[in-house]
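# Observations on chain architecture
For reference, the chains in residue letters:
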Amino acid sequence: MALKDFGITVDKAQTERFDADFSERQKRFDLIEGAKDYMKQLIETGYRVGIITNGPEDYQWNKIRGLELDRMIPEDRIFISGALGIAKPDPEIFAYANRKTGTEAQASLYIGDAMEKDIAGALAAGWQAYWFNPLGLQPSTEHQPHFEFSSYAQIMQRSLF
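Residues numbered from 1 in each chain as written. Predicted model: local features only at pLDDT ≥ 70, side-chain atom pairs only at ≥ 80, totals over all residues. Heavy atoms only, no water.

## Concerning the packing of aromatic side chains
- Applying the stated rule across the entire model yields 10 aromatic pairs.
- Taking the centre distance of 5.3 Å and the plane angle of 85° together, the rings of Phe94 and Tyr110 count as edge-to-face. Separated by 16 residues along the polypeptide, Phe94 in helix α6 (residues 91-101) and Tyr110 in strand β3 (residues 109-112) bring together distant segments of the chain.
- Residue Phe94 is classed as buried on the basis of its relative accessible area of 0%.
- Taken together through their ring pairs, the aromatic side chains of Tyr38, Tyr130, Phe132, Phe147, Phe149 and Tyr152 make up a single cluster. (Phe/Tyr/Trp six-rings, centres within 6.5 Å; stacked < 30°, edge-to-face > 60°. Helix = DSSP H or I, 4+ residues; strand = E, 2+ residues; numbered from the N terminus. Buried < 20%, exposed > 50% of the residue type's maximum accessible area, 1.4 Å probe, protein only.)

Structure (structure tokens):
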């Protein structure tokens, strides 16, 4: 479908090869430099770290396992839109995460790279929102994150809230 949007036509065999290659590469993603260290720091400090992600359940679990995040974050703190039937920016997915983790919105922080889905959704849910913006993009909405950073080295020096 994405290729079709760009006027590129592929046959069924090409589509199947692309899908197989993509599925295999999905298991070999790397986290952004410093992200895993930051998560470890938060966990060691006593913060409850979780994931809220949009996408089909199997696809997202493949990424989570490929990044070995399932070794750091308990399954009951991983919220996948395809499994829940709600997706960012709907504030309900954030509220659902709060209910399931026994946390409060005003004491919750979301770090995301998508202004329209991550930052807008977190703010609408009453969460703090930090925008990871490594390309220095201009905001695509009127939403104002609580903090903007372009590398995890910057955020590691910052106190939460």
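Back to the text.
## Concerning the sheet that holds β3
- Here we have three strands laid out as an open sheet, ordered β3-β4-β5, and parallel in their pairing. In this open sheet, the two edge strands, each paired with only one partner strand, are β3 and β5 (147-149). Across this sheet, the average inter-strand angle for adjacent strands is 20°, counted without regard to direction.
- Two strands pair when backbone bridges link them, and strand β4 (residues 128-132) and β5 are joined in this way by three bridges, in the parallel orientation. Each residue of the ladder has a partner; that of Trp131, found in β5, is Glu148.
- Where helix α7 (residues 115-124) meets the sheet, it contacts β3 and β4, and its direction lies at approximately 165° from that of β4. (Pairing = 2+ DSSP bridges. Axes fitted to C-alpha atoms, helices over the stretch in contact; angles between N-to-C directions. Contact = heavy atoms within 4.5 Å.)

## Side note on α7
- Three or more residues of α7 are buried, namely Met115, Asp118, Ile119, Ala120, Gly121 and Ala122.
- The inward-facing, buried residues of α7 contact α6, β3 and β4.
- Following α7 by one or two positions, Gly126 has its phi on the positive side, about 85°.

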